[in-house]
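Chain by chain, the residues run as shown.
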Amino acid sequence: MSFHCSPAIPHPVETLVHEPWSLAIKPFQVSPNTWYVAGQTWVGCYLIDTGDGLILIDTAIPESSYLLVDSIYRLGYKPTDIKKILISHAHFDHCGAAAEMKKLTGASLYMSKEDYVFMKSCPDETMIPDSGSHVQNFEPDEFYSDDKPVTLGNISVQTILTPGHTIGCTSFFWKEKNPVNGDEYTVAMHGGVGANTMNDKYYAISKYLTPDLRQRFFDDTEKLKKIHVDIALPSHPNQIEIVDRAGQYTHENQPYLDDTVWADFLTERVRQVRELIKYQKTEGVLP
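All of the points below concern the structure found in this document. (Residues numbered from 1 in each chain as written. Predicted model: local features only at pLDDT ≥ 70, side-chain atom pairs only at ≥ 80, totals over all residues. Heavy atoms only, no water.)

### Topic: the overall build of the chain
(1) Moving on: A tally of helices and strands in the chain yields 9 helices and 12 strands.
(2) Moving on: Relative to a compact globule of 287 residues, whose C-alpha radius of gyration would be 19 Å, the chain shows 18 Å and is just as compact.
(3) Moving on: The long-range share in the chain, meaning contacts at least 24 apart out of those at least 6 apart in sequence, stands at 70%.
(4) Moving on: Summed over all atoms, the accessible surface of the chain reaches about 12,200 Å², with 50% contributed by carbon and sulfur.
(5) Moving on: Across the chain, the 25 positively charged side chains and the 38 negatively charged ones have centroids separated by 3 Å. (Helix = DSSP H or I, 4+ residues; strand = E, 2+ residues; numbered from the N terminus. Rg over C-alpha atoms; globule rule 2.2 N^0.38 Å. Contact = heavy atoms within 4.5 Å. Areas by Shrake-Rupley, 256 points an atom, 1.4 Å probe, with all protein chains shown as cover. Lys, Arg positive; Asp, Glu negative; His and termini not counted. Charge placed at Lys NZ, Arg CZ, Asp CG, Glu CD.)

### A look at the pattern of salt bridges
(1) Moving on: Scanning all chains against the criterion turns up 11 salt bridges.
(2) Moving on: Across the pair Arg214 and Asp200 runs a salt bridge whose closest N-O atoms are separated by 3.0 Å. Taken together, the positions of Arg214 in helix α8 (residues 211-224) and Asp200 in helix α7 (residues 200-205) put the pair 14 residues apart, joining distant regions of the chain. With respect to class, Arg214 is no different from Asp200; both count as buried. (Salt bridge = Lys/Arg side-chain N within 4 Å of Asp/Glu carboxyl O. Buried < 20%, exposed > 50% of the residue type's maximum accessible area, 1.4 Å probe, protein only.)

### Regarding the packing of aromatic side chains
(1) Moving on: Scanning the model with the defined rule gives 11 aromatic pairs in all.
(2) Moving on: When the ring of Tyr144 is compared with that of Phe172, the centres are 5.8 Å apart and the planes differ by 70 degrees; the resulting orientation is edge-to-face. Here Phe172 lies in strand β10 (residues 170-177) and Tyr144 lies in the loop between β7 (142-143) and β8 (150-152), a separation of 28 residues in the sequence. Neither Tyr144 nor Phe172 differs from the other in exposure class; each is buried.
(3) Moving on: What links up through ring pairs into an aromatic cluster is the set Phe3, Phe173, Trp262 and Phe265.
(4) Moving on: Stacked on the ring of Phe218, the Lys or Arg Arg274 has its end atom at 3.9 Å from the ring centre. (Phe/Tyr/Trp six-rings, centres within 6.5 Å; stacked < 30°, edge-to-face > 60°. Lys NZ or Arg CZ within 6 Å of the ring centre and 35° of its normal.)

### Describing the environment of Ile55
(1) Moving on: In this fold, Ile55 is placed in strand β4 (residues 54-57).
(2) Moving on: For the pair Ile55 and Gly39, spaced 16 residues apart in the sequence, the C-alpha separation amounts to 16 Å.
(3) Moving on: Residues in contact with Ile55, not counting those within four places in the same chain, are Tyr46, Leu47, Ile48, Thr50, Lys84, Leu86, Leu152, Ile155 and Val157.

### A short note on helix α4 (residues 98-105)
(1) Moving on: Every buried residue of α4 is listed here: Ala98, Met101 and Thr105. One face of α4 carries all of its buried residues, which in axial projection span an arc of 70 degrees.
(2) Moving on: The positive-phi residue at the C-terminal boundary of α4 is Gly106, with phi of around 75 degrees. (Arc of directions from axis to C-beta.)

### Quick word on α8
(1) Moving on: The end-to-end C-alpha separation of α8 is 20 Å, in line with the 20 Å expected for 14 residues at 1.5 Å each.
(2) Moving on: Of the positions making up α8, those classed as buried are Leu213, Arg214, Phe217, Phe218, Asp220, Thr221 and Leu224. (Expected span 1.5 Å × (residues − 1).)

### Looking at the packing of helix α2 (residues 65-74) against α4
(1) Moving on: Put simply, α2 and α4 touch, their axes get as near as 11 Å, and they point 35 degrees apart. Relative to α4, α2 is oriented so that their crossing is right-handed. When α2 is examined against α4, the residues Ser65, Leu68, Val69 and Ile72 are found in contact with a partner set consisting of Glu100, Met101 and Leu104.
(2) Moving on: The class makeup of the residues in the contact of α2 with α4 is 5 nonpolar, 1 polar and 1 charged. (Axes fitted to C-alpha atoms, helices over the stretch in contact; angles between N-to-C directions. Left-handed = near helix turned anticlockwise from the far one by under 90°. Nonpolar A, V, L, I, M, F, W, Y, C, P; charged D, E, K, R; others polar.)

### Description of the sheet that holds β4
(1) Moving on: Reading across the sheet, the 7 strands line up as β1-β2-β3-β4-β5-β6-β7 and stay open at both edges, with mixed pairing between neighbours. Edge strands, defined here as strands with exactly one partner in the open sheet, are β1 (28-31) and β7.
(2) Moving on: Pairing analysis gives 3 bridges linking strand β2 (residues 34-36) to strand β3 (residues 46-49), with the strands arranged antiparallel. Paired with Tyr36 across the two strands is Tyr46, which belongs to β3.
(3) Moving on: Contacting β6 (108-111) and β7, helix α5 (residues 113-121) crosses the sheet at an angle of about 90 degrees to β6. (Pairing = 2+ DSSP bridges.)

### Side note on the side chain of Ser65
(1) Moving on: Assignment of secondary structure puts Ser65 in helix α2.
(2) Moving on: Judged by its relative accessible area of 3%, Ser65 is buried.
(3) Moving on: Dropping the residues within four chain positions of it, Ser65 is found in contact with Ala97 and Glu100.

Right under this line is the structure:
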C-alpha cells in the first residue's frame, strides 16, 4: 500500500453532529490485532485485541458514539472488554465522547498531562466547539510517560509526545505478530498533524499555542521518520487513505503493509504546514 491521501470531507463537524449516519462505515481490520471501529469516516478510532482485553484509541464525538459501540459489537466484542482508552490529543473530535466511553466500558482513560492542562486552561480551543456537538467533560486516570509503555496482554503501546497540533499531542507505536507466518509488524498512529492549529493566523488568536510548537513539529517529524513503521494508521482516515481497502484484510493478504508510507505521510504533512504558512504570507491574511 503506497502512500496516498484523499480530500477532506466537506463540513465534517456539522455532518457528524447532525447526520452521523451519512458517514457510517462498518468496522474493518487493518493489522493482525487492530480494527478501525470509529463507525464513521471522519475521525479514526482503533480497537486493539491484546489477548487480555481491548485497547481503544480515541473516541470521536458523542453524536457518533453509537456507531463506535455498534462497531465493537459487530466484531464480536462488548464495550466492557475495553480495559484502556488512549486519547491522542485534546480536541473534541478525538475525545468528545471520552466520558461516555469511560462510563460504558469501565476502562482506565489515558492522555498526556500537557493536553490535560491545555484542555482545562482553554476549553474554547479544545472542548467547546461552535458546532452543536454535545461534548462531555472528562478526567483521565493516567498520564502518558514516554519511558513507560501502556501495556495490556501481549501488546505494549509506546507513547511519544509529539506536540504541534496541540501541546500534548501523543503518537502511538506497538508491535503485532501475524499468526499465519509469524512476521512481526510495527504499527503506528501519529497523534495529530492538522495544519489548522500550526499557522500564524491561529497563533494570533490562541491563548495557549505558540509558533515554537510548529518548529517542534518540524524537528520531531525528522526524528519520527527514522522510526521503522510497517503499518501506518491515520487519526483521520483521509490523511492516509485506508477506507478504500476496507474489508480486504486477511492474515495472508496485508493491504496496509508498506514500510514507506510512514515517512511519506510525515513528509506530506510538513509540506502542507509550510504551504499554509507561505499562502498566508502571500495573500496577506496575517494580522
